[in-house]
Amino acid sequence: MARQPAKTLWYDRPRYVYLEFCVEDSRDVNVVIDDQRLVFSCKNADGVEFYNEINLYAKVISKDSREKRSDRSITCFVRKWKEKVAWPRITKENIKPAWLSVDFDNWRDWEGDEEVERAMVEQYAELLEKVTDKGPPPAMDDLDGGGSRRLSPGAGYPRGARDNKRELTPLSAIRSERRCRRHREGASSCRLRPPAARRPRPPAPCPSAAAVSASPVSLRGRRRQFRVPPAVAASPVSLRGRRRRQSRVPPAVSASPVSLRGRRRRQPRVPPRPPSPPVPCPSAAAVAASPVCRPPSPPAPCPSAAAAAAMVFQCQRDSWARQFATRVVSCRAAELRPEGGGEPVRGFQVVLEDTILFPEGGGQPDDRGLIGDVPVLRVTRRGPEAVHFVQAALEPGAEVLLSLDWERRFDHMQQHSGQHLITAIAEQMFGFKTTSWELGRQRSVIELDTPSMTAEQIEALERSVNEKIRERVPVMVRELAADDPEIETVRSRGLPDDHVGPVRVVDIEGIDSNMCCGTHVSNLSDLQVIKLLGTEKGKKNKTNLIFLAGDRVLKSIEQSHSTEKALTSLLKNGPGEHVEAVKRLQSSVKLLQKNNLNLLRDIAVLIARDFKSNPVQGQLFVLHRKEGDSEFMNIIANEIGTEETLLFLTVGDEKEAGLFLLAGPVEAVENLGPRVAELLGGKGAGKRGRFQGKATKMSRRGEVQALLQEFISHRSPEA
């Protein structure tokens with residue numbers, strides 16, 4: 001079977017470039033990273049060979065680069081030679097292979113993060129200085145034309161928190177510290193309302209450029225809350241909080257059916273545009289006419305802030321819903337590349353008004369199900385939308401019924417909630433922090449920041465988590481506003497860059513509180529039981545803890561019991577005696593194999609002597625034996641001698657695969673060896689008068705013998 005390239009996703013970070021080779025159940029994985037080249041190869045469970053070779057865009061530090069294998073993919077962490085230098089592409093040549101694409105779920109423009117955050121803090125300090133002697137600060141109502149906006153999720157968090165895996169000081173804490181310091185220095189007249197006193201305001205219409213220009217408050221520092229249209233971005237209004245170089249649109253516009261979000265993601269870096277005069281907020285018709293909009297979509301009015309809540313889907317609000325009526329928003333032709341490689345599948349990407357099918361994220365795989373009677377093959381998140389891949393077109397505007405593959409969903413809920421519980425208890429008991437986790441098809445793995453775990457620690461951890469399950473501890477899901485001060489107390493590794501709407505928090509009562517987008521059980525008793533299978537050595541001095549939760553434990557017990565019954569029947573003894581019985585069998589097999597090899601050697605010697613004792617020795621000796629190996633064939637060749645006789649020896653199945661050896665005069669073997677391998681459908685190599693290899697078509701031995709006989713007959717008159 002010819003090898004093929006694996007589907008590859010990549011994204012850029014300040015110190016590393018990340019490549020993910022999407023091959024499920026991979027084996028024989030080999031990754032070679034040189035200074036400017038990466039070579040990847042492996043096989044999947046079906047024996048398909050994958051091979052990718054990439055000439056990298058710039059020089060890398062190969063010794064600091066690593067790879068990590070999972071059940072679904074192999075991820076490479078390639079260390080840049082020059083840090084904080086962005087890569088516009090992964091390949092040296094400006095050519096994009098069909099199997100290579102940008103991982104938009106992880107992509108972000110990271111350049112200038114720290115400088116922008118400092119600029120935001122300084123601007124906020126300047127603003128407070130201006131209002132110190134002028135009474136209460138403005139309510140900022142005029143910023144969006146009549147109603148204040150809540151800060152978007154992530155506005156209080158420095159970017160990069162989830163990537164650097166370290167605790168970063170929220171901007172809200174920096175601002176609070178600055179207010180306290182100015183208060184001590186005498187700025188007591190600055191009166192700020194506490195967060196609790198801020199009441200939600202009604203959604204505001206999209207502001208025009210004139211309204212923005214007339215606002216007495218600078219827009220610096222509000223880069224995530226309000227995406228400014230391109231022409232407004234070029235106006236004299238201060239936009240120092242905008243660190244991205246590309247055009248921005250209001251967040252509700254990016255959540256509408258005629259979203260411009262795809263433009264930012266497909267073109268991560270766009271050169272700055274020349275200044276242009278301010279223009280009013282684009283109308284729905286203008287947005288619909290934009291060449292980067294996704295057809296077909298009906299025109300939409302200037303959207304309100306209410307569209308920001310589109311980030312939370314019905315599957316997140318109600319993890320137990322198995323059917324759901326909704327409406328088709330858009331449907332467009334697309335292709336889906338299978339996770340195990342192979343030819344892409346043609347179909348359609350369908351966006352619905354809402355969905356109960358969870359798009360992959362937070363370490364949890366996506367759901368499966370039906371839209372009507374059409375199977376859903378993949379669900380992914382694109383900004384605030386869930387994209388469903390199907391193989392039949394659906395009419396935009398049509399009402400449809402979603403049906404969920406409940407067995408798959410409930411399994412994911414049990415594993416994900418189990419991970420939250422294990423992570424919390426492991427940190428409470430031993431101080432082991434979780435750095436990542438993976439929900440695999442057969443088992444799940446938690447990466448703990450510790451070099452090792454003792455058997456006693458694993459036993460104590462398993463006992464503790466199962467005690468919590470028996471205590472029936474409630475699990476609750478809350479949605480908090482992005483500016484809620486309680487967010488600062490929640491465990492998190494940061495929000496996605498394109499997150500909009502409320503922040504979702506999963507609470508295990510009295511045990512854990514964690515930001516999470518996944519689906520979860522409502523009570524720890526739904527987990528049934530957790531089994532810790534042990535640990536494996538992880539990367540960079542970490543430990544991988546392997547676990548099963550819920551129904552997976554029951555299935556594992558059922559499988560083990562079936563195996564035990566089969567062994568009892570075969571070994572004719574009880575389960576407690578299986579190990580000793582297998583050890584005895586292994587010893588017997590080793591002894592028999594040794595005796596068999598000795599007998600084969602004796603047979604080889606006898607065959608060779610019988611040939612040599614024949615007074616009329618031919619110039620060609622041919623032999624096939626089902627039992628045998630390379631050593632058996634070489635013994636015969638050594639005993640007969642190859643100076644004058646041409647030997648063709650084979651062992652293995654008579655019609656399928658096996659081994660072959662061609663021995664004789666050096667010139668003849670060099671001539672005939674490759675032709676023999678080709679006839680037998682195999683590969684081989686040789687030197688000093690011997691050519692041996694593997695064959696897949698042993699049934700063609702007769703053709704090889706005819707070839708050798710013809711060669712000898714042509715050589716005989718010359719002799």
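Note that the structure is predicted; figures quoted are calculated from it, not measured.

Moving on to the side chain of Ser319. Structurally, Ser319 can be placed in the loop between α9 (314–317) and β9 (323–336). A polar contact of 3.5 Å, which involves the side chain of Ser319, links it to the backbone oxygen of Cys315. If we skip the residues at most four places from it in the chain, Ser319 touches Trp406, Arg409, Met413, Arg504, Thr519 and His520.

A separate point is the packing of helix α10 (residues 406–430) against helix α11 (residues 455–470). Contact geometry of α10 with α11 gives a least axis separation of 10 Å together with a crossing angle of 125°. Between α10 and α11, the interaxial angle falls into the category oblique. In terms of crossing hand, the pair formed by α10 and α11 is right-handed. Mapping the contact onto sequence places Leu421, Ile422, Ile425, Ala426, Met429 and Phe430 in α10 and Gln457, Ala460, Leu461, Ser464, Val465, Lys468 and Ile469 in α11. Here the residues of the contact of α10 with α11 sort into 10 nonpolar, 2 polar and 1 charged.

Glancing now at helix α13 (residues 578–613). Relative to the 52 Å expected for 36 residues at 1.5 Å per residue, α13 spans 52 Å between its end C-alpha atoms, a close match to the ideal helical length. Of the positions making up α13, those classed as buried are His578, Ala581, Leu600, Ala604, Val605, Ala608 and Phe611. Here the buried face of α13 lies against α12 (551–571), β23 (620–625) and α14 (630–640).

In the structure shown here, the tally under the stated rule is 11 aromatic pairs. Aromatic side chains Tyr57 and Trp87 sit 5.8 Å apart centroid to centroid with 55° between the ring planes, which places their arrangement in the tilted category. Linking Tyr57 in the loop between β5 (49–55) and β6 (60–69) with Trp87 in the loop between β7 (74–80) and β8 (100–102), this pair joins segments that are 30 residues apart in sequence. Using a relative accessible area of 29% as the deciding quantity, one classes Tyr57 as partly exposed.

On the basis of which strands lie adjacent, the open sheet formed by 3 strands has the order β18-β19-β20 and antiparallel pairing. Edge positions in the sheet fall to β18 (475–480) and β20 (512–515), since each has one partner strand and no second. Each neighbouring strand pair of the sheet contributes to a mean axis angle of 25°, computed without reference to strand direction. Two strands pair when backbone bridges link them, and strand β19 (residues 503–508) and β20 are joined in this way by 4 bridges, in the antiparallel orientation. Its bridge partner being in β20, Val506 is matched across the sheet by Asn514.

Cut-offs applied
Residues numbered from 1 in each chain as written. Predicted model: local features only at pLDDT ≥ 70, side-chain atom pairs only at ≥ 80, totals over all residues. Heavy atoms only, no water. Helix = DSSP H or I, 4+ residues; strand = E, 2+ residues; numbered from the N terminus. Polar contact = N/O pair within 3.5 Å; in protein donor to acceptor, adjacent residues only side chain to side chain. Contact = heavy atoms within 4.5 Å. Axes fitted to C-alpha atoms, helices over the stretch in contact; angles between N-to-C directions. Parallel < 35°, antiparallel > 145°, perpendicular 65-115°, else oblique. Left-handed = near helix turned anticlockwise from the far one by under 90°. Nonpolar A, V, L, I, M, F, W, Y, C, P; charged D, E, K, R; others polar. Expected span 1.5 Å × (residues − 1). Buried < 20%, exposed > 50% of the residue type's maximum accessible area, 1.4 Å probe, protein only. Phe/Tyr/Trp six-rings, centres within 6.5 Å; stacked < 30°, edge-to-face > 60°. Pairing = 2+ DSSP bridges.

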